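Structural description and commentary
Next come the chains, spelled out residue by residue.
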Amino acid sequence: MPASSSSSFFLLLCLLSSFSVMISGYGEQLILVNNCNESIWPGMLGGAGHPTPNAGGFLLTSGQEVVIDLPQKWSGR
């Protein structure tokens, strides 16, 4: 694997391993933590009929954590 591909793959693995979902009585919270040594730009997209949180994407610097409140039964990627 070329260096740039393996670096991108590593960043993707860091991001995916950092996702955690907590369920509360009023909806869900998606907690994103950047455990990578570099900044990342997570992207989110609401499914059909569901809102897209945080304008679809945002900067997450190394070590930063963000909590995103989602409505109940939110669907997306």
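Reading the values: the criteria
Residues numbered from 1 in each chain as written. Predicted model: local features only at pLDDT ≥ 70, side-chain atom pairs only at ≥ 80, totals over all residues. Heavy atoms only, no water. Helix = DSSP H or I, 4+ residues; strand = E, 2+ residues; numbered from the N terminus. Buried < 20%, exposed > 50% of the residue type's maximum accessible area, 1.4 Å probe, protein only. Areas by Shrake-Rupley, 256 points an atom, 1.4 Å probe, with all protein chains shown as cover. pLDDT = per-residue confidence, 0-100. Contact = heavy atoms within 4.5 Å.

Looking at the overall build of the protein
- A tally of regular secondary structure across the protein gives 1 helix and 3 strands.
- When the helices and strands of the protein are listed from N to C terminus, the series reads α-β-β-β.
- Across the 77 residues of the protein, 29% fall into the buried class.
- Total accessible area on the protein is roughly 5200 Å²; 58% of this is exposed by carbon and sulfur atoms.

Thoughts on the environment of Leu59
- Note that Leu59 resides in the loop between β2 (27–33) and β3 (65–70).
- Take Leu59: its relative accessible area is 38%, and that puts it in the partly exposed class.
- Sequence separation of Leu59 and Ile40 is 19 residues, and the distance between their C-alpha atoms is 6.1 Å.

Details of the confidence of the model for the protein
- Predicted confidence across the protein gives a mean pLDDT of 78, with 66% of residues reaching 70 or more.
- Summarising per-element confidence for the protein, the mean pLDDT is lowest in strand β1 (residues 19–24) (44) and highest in β3 (91).
- Confidence drops under a pLDDT of 50 for residues 19–25, and excluding neighbours within four residues, the segment shows 13 contacts in the predicted structure.

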